[in-house]
Structures are given as C-alpha cells and as structure tokens.
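Structural overview for review
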Amino acid sequence: MMQFIDLAAQQAQIRGKIDARITAVLDHGAYIMGPEVTELEQALSEFCGAKHALTCANGTDALQLALMALEVGKGDAVFCPAFTFAATAEVIPSTGATPVFVDIDPATFNICADSLKRAIAHAQEQNLTPAAVIAVDLFGLPADYDALSEICAASKMRLIADSAQGFGGTYKTHRTGTLGDIATTSFFPAKPLGCYGDGGAVFTQNEDLADKIASLRVHGKGRHKYDCQRIGMNSRLDTLQAAILCEKLAIFPEEIRSRNEIAARYTAALGNLFCVPYVPEGLVSTWAQYTLRAPEDTPREKLIAALESAQIPVGIYYPKPLHQQTAYASFPKDPRGLRECEIAAATVFSLPMHPYLTDHDQDQAIEVLRDALT
Ligand SMILES: *Cc1c(COP(=O)(O)O)cnc(C)c1O
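Residues numbered from 1 in each chain as written. Predicted model: local features only at pLDDT ≥ 70, side-chain atom pairs only at ≥ 80, totals over all residues. Heavy atoms only, no water.

1. Overview of the overall build of the protein chain
Within the protein chain one finds 11 helices and 12 strands. Here the C-alpha atoms of the protein chain give a radius of gyration of 21 Å, agreeing with the 21 Å that 2.2 N^0.38 yields for 374 residues. When its C-alpha atoms are laid out on the principal axes, the protein chain stretches across 70 × 60 × 35 Å. Within the protein chain, the proportion of its 374 residues that are buried is 56%. Considering only contacts within the protein chain whose residues lie at least 6 apart along the sequence, 72% involve residues at least 24 apart. With an accessible surface of roughly 15,800 Å², the protein chain has 50% of that area assigned to carbon and sulfur atoms. In the protein chain, 31 positive and 44 negative side-chain charges are present, and the distance between their average locations comes to 4 Å. (Helix = DSSP H or I, 4+ residues; strand = E, 2+ residues; numbered from the N terminus. Rg over C-alpha atoms; globule rule 2.2 N^0.38 Å. Buried < 20%, exposed > 50% of the residue type's maximum accessible area, 1.4 Å probe, protein only. Contact = heavy atoms within 4.5 Å. Areas by Shrake-Rupley, 256 points an atom, 1.4 Å probe, with all protein chains shown as cover. Lys, Arg positive; Asp, Glu negative; His and termini not counted. Charge placed at Lys NZ, Arg CZ, Asp CG, Glu CD.)

Quick look at the structure:
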C-alpha cells in the first residue's frame, strides 16, 4: 500500500550499512556520547556550514536549549507563528517567557514580517521585553530570514530558526542550520532527516553559545560532570541514533534532490487546478510536506474522502492553529488577529511525499484529485 512517508523504502537502500553501524556500537559499548556522536556532529557541520553542531535528545529540547542559552526568561516576549507544531511554542512558557503569536504569509505559510511588527508593538504595550523570534521553516521551506534578521536587529532581539522540517534546505546563499543566531532541527523519524527514535540538534556560528549549549545539555556541567555551572538538562543524542544518522546523512543530499523532483512533478500536474506550494526565488525546500489548499468551490473533506477511498494516505498539518488551542488561547497575539493561520488550518491538506515515491503512485494520487474536482 502507498505510504505517506516510506521509511521502509529508504531502509532497504542502506540496511546493510545501518546493520554494520549498529553492530559497531554494540561492540564498542559507548552508548552515551560515543565516537559516532562526534562523527555526526562534524558531518552535520560540514553539510550545512554551521561552525558548531550540537546534537541533543529531540527537536523540542533543541529549541529549549536555544532559549536557555540566550537566557530568555520572565518578562520576555518570544514571538512565533501560530500555524506550526506545538513544540515551537511549548518551550517558551517553560523558560518563564511569554509566547506572542504571529500570523503567517498565506503564500509561504511562514511567519509574516508585518504581523511580527504589530505583535512586537503589542508586547511592548503589555510591558513585555521583545527578546526573541522563533521562525519556522514550515513544510521544509526556509522562512524569510533577511526580513526577520532586519526586524530582530532593529528591536535588539535574537533569532532562532526552528528548522525541524527545513533542515537541509537553502535560503539564497545559505543552508538552513546557519541562519539566525541559533538554528535547531529534529531527527524524529518522519522528518526529512530522521533517525529510528527521538533526536535533535542545535546549530550556531557563535562559540560562546556553543559552549553554553554543550554545558546545558549535560546538566549545566563545567569542566567536569560533577561541577555544575548553571541549571541545565539531560538532553543527549544516543550513540546508536547518531550511528544510524551518519548513514542517513550520507544519502540526504540525493534525497533532497529526489524530493524536489517529486514536488516539481506534483506542481506540474496540479498547478492549474489547485493552489500549489510557492517557493520564492533562490530558496530550496526539503519538502517535509507537499501541501495544497482545497479550491474555494470544493470542500477539503470531499478531496480527502476521495483520496482515502482510493487508499491514498493524506494528512492535515495543522487542523487547528495554536492560538485557538486550550493550552495557548490566553497568550497575546498580533492585535489584528491571525486570519491567515485560521484560513490555512481550514483549507490545507498534504499528499504523500518522500524521496522514494514512484511515478506510478504519484500519478494515482494526481488522478484521484483531478477526478474529485469534476
Ligand atoms: C517536529 C517538530 C518539532 C519538535 O521535534 P521533536 O523532535 O518531535 O521534539 C519542533 N518544531 C517543528 C516545526 C516540528 O515540526
């Protein structure tokens, strides 16, 4: 049966290498911070061009480590889009800071610069100090980092890039991982670069921040483990997961190419019928999702029912924006409202997308969608 994300097809390409890697870890037995962790961190640095790559336990911790390293806390406002996975916002209140929700640009689904400016003014009126922005590379497309860097510089804020979905993408001359003061990613299995469990990483060009994150991820350690310099957490990537990721990273550039070919093929077939994803000039997406909007005259439910009855997997990312969720409804937001987040949540749906999707399966999804319109 067709898979939404086919991890088995990927594993079949590299199973022998992964088995050998796992065996090597079982042989040396350094399960925590073993040699594969260092090997992976060097390979990640080289791959994206970030001076420092520090792995950790998951993508949520990566964001939390970023906020802790930037010393964000009580009285601070941290801005993020409301159309994202909950983890983006979840880490903010846990530092004592206040999340402030921002609308998205309807063309890219990423944080909107104008809405951000309104949200900053609103936070200041509430006596909050604008401290940081967490931009999200939603569905794999890098956010508008030039515009965001300018706003952050003008307001003396720090910029965090949540590249859980967009790691491996390109923003003009830069790979994601090098954008913002700190960038983060997740190695959750379904992400474009995933392991076989939980995992994450933090990237920065700044040595002081890198040293701090290295300490924070091991209980705030100083020169040795029983010398605590700061309050930290326990957030390390398992050696086994690092070993698996070393092999997955080796084929990642080729997979990004395949993802882009598959996305281009969807767009060529569906572009005149649906609102297809927009990729601004100079940007490369990693296509964590290939997301369409239902046309005005066809309810999304009808399209999803047609796909499901043809056994074509389909997903809705995300059905409810964060500012409308029980846990987040009381936090401040752009005073003009988050209309584009709400429209997106009501209209989007995502098609099967992974580097091993066959033309045959893709054509089937395309045909079912076309027929459902008429
Ligand atoms: C998956 C994801 C995260 C969290 O990653 P985990 O590894 O699951 O903790 C954070 N932000 C975004 C945008 C994500 O998609």
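There is more to say after this.
2. Some remarks on the sheet that holds strand E9 (residues 200-204)
With respect to topology, 7 strands assemble into an open sheet ordered E1-E9-E8-E5-E4-E2-E3, the strand pairing being mixed. Every interior strand has two partners, whereas the edge strands, strand E1 (52-56) and strand E3 (98-102), have only one. Neighbour-to-neighbour, the strand axes of this sheet turn through a mean angle of 25°, independent of strand direction. The pairing of strand E2 (residues 76-81) with strand E4 (residues 129-136) spans 4 bridges and is parallel. What sits directly across from Asp 76, in E4, is Thr 129. Helix H2 (residues 35-48) contacts E1 and E9 of the sheet and is inclined by roughly 135° relative to E1. Contacting E1, E2, E4, strand E5 (158-162), strand E8 (182-186) and E9, helix H3 (residues 59-69) runs over the sheet at an angle of about 165° to E8. (Pairing = 2+ DSSP bridges. Axes fitted to C-alpha atoms, helices over the stretch in contact; angles between N-to-C directions.)

3. Focus on the site of the ligand
Surrounding the ligand, one finds 14 residues, the nearest of these being Gly 59, Thr 60, Asp 162, Ser 186 and Lys 191. Between Asp 162 and the ligand, the recorded distance is 2.7 Å, taken from a side-chain N or O atom to a nitrogen atom. The contact in question runs from an oxygen atom of the ligand to an N or O atom on the side chain of Ser 186, over 2.6 Å. Protein coverage of the free-state accessible area of the ligand, which is 380 Å², stands at 93%. (Near = heavy atom within 4 Å. Polar contact = N/O pair within 3.5 Å; in protein donor to acceptor, adjacent residues only side chain to side chain.)

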